[in-house]
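Now for the letters of each chain:
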Amino acid sequence: MGNCCSDVSGGMSAVDGTSASTATGNQNDAVDWYFKSRGIYAPFSQIELSFSATNLRDRDVFSKSDPMLVVCIKERDGAITEVFRTEVVLNSLNPKWIRKYTITYHFEVIQTLLFHVFDVDTQFHNVEVKMLKLEEQQSLGEASCALSEDPFLVISKLVESGISIPVCKTEVLKNDLNPTWKPVFLNIQQVGSKDSPLVIECFNFNSNGKHDLIGKVQKSLVDLEKLHSGREGEHLFLPTVGHDYQNKILKGRLFVEKFSENVQHTFLDYLAGGFELNFMVAIDFTASNGNPRLPDSLHYIDPSGRPNSYQKAIYEVGEILQFYDADKRFPAWGFGARPIDGPVSHCFNLNGSSNYCEVEGIRGIMMAYTSALFNVSLAGPTLFGHVINRAALIASQSLANDAKKYFVLLIITDGVVTDLQETKDALVKASDLPLSILIVGVGGADFKEMEILDADKGERLESSTGRVASRDIVQFVPFRDVQSGEISIVQAVLAELPTQFLTYMRSRDIKPST
């Protein structure tokens, strides 16, 4: 009679769908035996795929669609081969198919799977699934995916107790079976000595945080240097558990493309060598801060002397950085306000001068800030580009004079930046200069978009012309996140500054004076 249909869990399923069945991808047994006979194991495993769909299109007039899923594999030459079909689920736009497909996953091969969903016409419900002609069915959609690796390395040092402590991690490379990672930098303080054992583990990245171990090696820096000089790769292995403990040696190998030793100067070395950190500040005077004369304003000056969020950020960050600035003359600007009898300015001198922007010390910034509140009208919008370009100009002039200075611009704002692309353009351009930008968000605004400017997740900023920032120069911190926490605002804001400073110096081979 062919394939009868029955009701299964509220949907309709063809016979053959009442129990899980499998189909297995092909595997080269001869090659696999060759490697295993030599103690080398190919990194493959069986993967069982279950299928479901949601919100499918309804092709039927008097009932819902009757979907069936077809799985195909795209070969290396581009040819498409059908490998599996599910049962037909009747009268369902959200099918959960019972039949499962088992495929042999090979680490060293990118396996591209194609999925096609068809609405099987009523007249074919008594036809066996494998006999259905797909061209006679209506397509409900398709999708594809690749079974591949997103590998990254974790380098750990072994301590006397046998515990491994991570000291370095590479970036994740998407869909790459022959990954070449960016150089990693290790110092002797991290690993102990050149002869200390290191564990180098290769993981496959998973977004849920449960990364899969592909394989590992255990080598010292001396061993890695030998691998580099000998141009030899070291086979990864997988540890096994049991009485007959024997590591499984894999086909995958780790190569050391480059190995070099050099003296890496520290942040303190540069400070001791005469380098200065020059502090600059830019304050948001947009109307969203509220009327400064009212207590609910972020700019309210409390008669009791209790500082507002702007004053706290200026004082706490400035108190630290002022000790690394010889003359303690700080450029200070405001943005987003209308000076008396003038248009809205997105970069005005906080001291009210039209000729110079510097003030004397942290106290000078505080006095200029308080004075400005009563001499400008809060306006908008929130634009960063102007003040960043102004700070970048000062940094570039200092660089041209070969001065031993690195500049730190503190921007304090209550809202999301309006000129996002212009800000990105300014930051990309400034990434080549001795400049870091610290952004503190005050108030209760949603600062999620501001995190785009802080490249902590590894994605460098890109300008409107396609140019990518040479380095990360931004650190963004919402004030409310640290106001009641265990760390202070200054700790959170200045956390990345030494690294940004060293990245600039090392990339330009600038060494401290001895």
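Residues numbered from 1 in each chain as written. Predicted model: local features only at pLDDT ≥ 70, side-chain atom pairs only at ≥ 80, totals over all residues. Heavy atoms only, no water.

In the annotation of an unreviewed UniProt entry, the chain is listed under the name Protein BONZAI 2-like isoform X3 and assigned to Durio zibethinus. The UniProt entry for the chain carries the following comment under Sequence similarities (unreviewed entry): "Belongs to the copine family." (UniProt positions renumbered as here; feature names shortened; annotations may be inferred.)

Asks: Looking at this structure, how should I read the overall build of the chain?
Replies: Across its full length, the chain holds eleven helices and 25 strands. By residue count, 45% of the 514 residues in the chain fall in the buried class. Within the chain, contacts between residues at least 6 apart in sequence are counted, and of these 70% link residues at least 24 apart. (Helix = DSSP H or I, 4+ residues; strand = E, 2+ residues; numbered from the N terminus. Buried < 20%, exposed > 50% of the residue type's maximum accessible area, 1.4 Å probe, protein only. Contact = heavy atoms within 4.5 Å.)

Asks: Looking at this model, I keep getting lost on a negative patch on the surface. Mind explaining?
Replies: Taken together, the side chains of Asp446, Glu449, Glu451 and Asp481 present a region of like negative charge at the surface. Locating Glu451 in the fold gives a position in the loop between β24 (435-441) and β25 (474-478). The exposure class assigned to Glu451 is partly exposed, which follows from its relative accessible area of 45%. (Patch = residues over 30% accessible without salt bridge, like charges linked within 9 Å, V, L, I, M, F, W, Y side chains within 5 Å. Areas by Shrake-Rupley, 256 points an atom, 1.4 Å probe, with all protein chains shown as cover. Salt bridge = Lys/Arg side-chain N within 4 Å of Asp/Glu carboxyl O. Lys, Arg positive; Asp, Glu negative; His and termini not counted. Charge placed at Lys NZ, Arg CZ, Asp CG, Glu CD.)

Asks: Help me out: how do you make sense of helix α8 (residues 420-430) in this one?
Replies: Listed in full, the buried residues belonging to α8 are Thr423, Lys424, Ala426, Leu427, Val428 and Ala430. The secondary structure elements touched by the buried residues of α8 are α7 (385-400), β24 and β25.

Asks: What exactly am I supposed to notice about the nonpolar core here?
Replies: Side chains of nonpolar character tend, in soluble globular proteins, to be buried together. Membership of the largest hydrophobic core comes to 49 residues, with the highest contact counts inside it found for Phe279, Val281, Phe285, Ile412, Val440 and Phe501. For this core, the element with the most residues is helix α6 (residues 361-373), which contributes seven residues. With residues up to four places along the chain from it excluded, the contact list for Val440 reads Ala313, Leu410, Ile411, Ile412, Thr413, Val477, Phe479, Ile489 and Val493. In this structure, Met280, Cys347, Ala391 and Ala469 belong to the second largest nonpolar core, which totals 32 residues. (Core = buried A, V, L, I, M, F, W, Y, C linked by side-chain atoms within 4.5 Å.)

Asks: Is there a simple way to think about the environment of Lys226 in this case?
Replies: Mapping Lys226 onto the fold places it in helix α3 (residues 221-230). For Lys226, a relative accessible area of 55% corresponds to the exposed category. With 33 residues separating them in the primary sequence, Lys226 and Phe259 have C-alpha atoms 9.4 Å apart.

Asks: What is the right way to look at a nonpolar patch on the surface in this model?
Replies: The grouping of Ile320, Phe323 and Tyr324 at the surface amounts to a nonpolar patch, some 310 Å² of accessible area in total. Tracing the backbone through its elements, the reader meets Ile320 in helix α5 (residues 309-321).

Asks: What should I look at first to understand the pattern of salt bridges in this one?
Replies: Where charged atoms from two side chains of opposite charge come close, those side chains can pair. According to the stated counting rule, one finds nine salt bridges in the structure shown. A salt bridge links Glu225 to Lys194, with the nearest nitrogen and oxygen atoms 3.1 Å apart. Of this pair, Glu225 sits in helix α3 while Lys194 sits in the loop between α2 (188-191) and β13 (198-204), and the two are 31 residues apart along the sequence. Here Asp432 ties to Arg508 by a salt bridge, and the two come within 3.7 Å at their closest N and O atoms. Separated by 76 residues along the polypeptide, Asp432 in the loop between α8 and β24 and Arg508 in the segment after α11 (497-507) bring together distant segments of the chain. Residue class for Arg508 comes out partly exposed when judged on its relative accessible area of 31%.

Asks: What should I look at first to understand the confidence of the model for the chain in this one?
Replies: In low-pLDDT regions, the fine details of the predicted coordinates are not to be read closely. The predicted model of the chain averages 85 in pLDDT, with 87% of residues at 70 or higher. Counting contacts from residues 1-28, a segment whose pLDDT is below 50, to residues more than four positions away or on other chains yields 66 contacts. A low-confidence stretch, residues 38-43 stays under pLDDT 50, and its non-local contacts, those more than four residues away or across chains, total 18 contacts. (pLDDT = per-residue confidence, 0-100.)

Asks: Explanation requested: the sheet that holds strand β10 (residues 138-147) in the structure shown.
Replies: Where strands meet in a sheet, backbone hydrogen bonds hold them as pairs that are either parallel or antiparallel. Spatially, four strands are ordered β6-β5-β9-β10 in an open sheet, and the strand pairing comes out antiparallel. Edge positions in the open sheet fall to β6 (80-85) and β10, since each of these has one partner strand only. Across this sheet, the average inter-strand angle for adjacent strands is 25°, counted without regard to direction. Sheet analysis places strand β5 (residues 67-74) next to strand β9 (residues 111-119), joined by eight bridges and oriented antiparallel. Bridge pairing in β9 links Met68 to Phe118. (Pairing = 2+ DSSP bridges. Axes fitted to C-alpha atoms, helices over the stretch in contact; angles between N-to-C directions.)

Asks: Quick question: what am I supposed to make of the packing of α5 against α6 here?
Replies: The relative placement of two packed helices comes down to the angle between their axes together with the axis-to-axis distance. Interaxial distance between α5 and α6 falls to 10 Å at its minimum, and their mutual angle equals 160°. When the axes of α5 and α6 are compared, the pair comes out roughly antiparallel. Our pair here, α5 against α6, has a crossing hand that is right-handed. Residues Tyr310, Gln311, Ile314, Tyr315, Gly318 and Glu319 of α5 pack against Ile362, Ile365, Met366, Tyr369 and Thr370 of α6. Here the residues of the contact of α5 with α6 sort into seven nonpolar, three polar and one charged. (Parallel < 35°, antiparallel > 145°, perpendicular 65-115°, else oblique. Left-handed = near helix turned anticlockwise from the far one by under 90°. Nonpolar A, V, L, I, M, F, W, Y, C, P; charged D, E, K, R; others polar.)

Asks: When you look at the state of the cysteines in this model, what are you seeing that I'm missing?
Replies: In a disulfide, the sulfur atoms of two cysteines are held together by a covalent bond. Using the criterion set out here, one finds zero disulfides in the structure. Residue Cys357 stays outside any disulfide, its sulfur separated by 8.1 Å from that of Cys347, the closest cysteine. The buried category is assigned to Cys357, whose relative accessible area is 11%. (Disulfide = S-S within 2.5 Å.)

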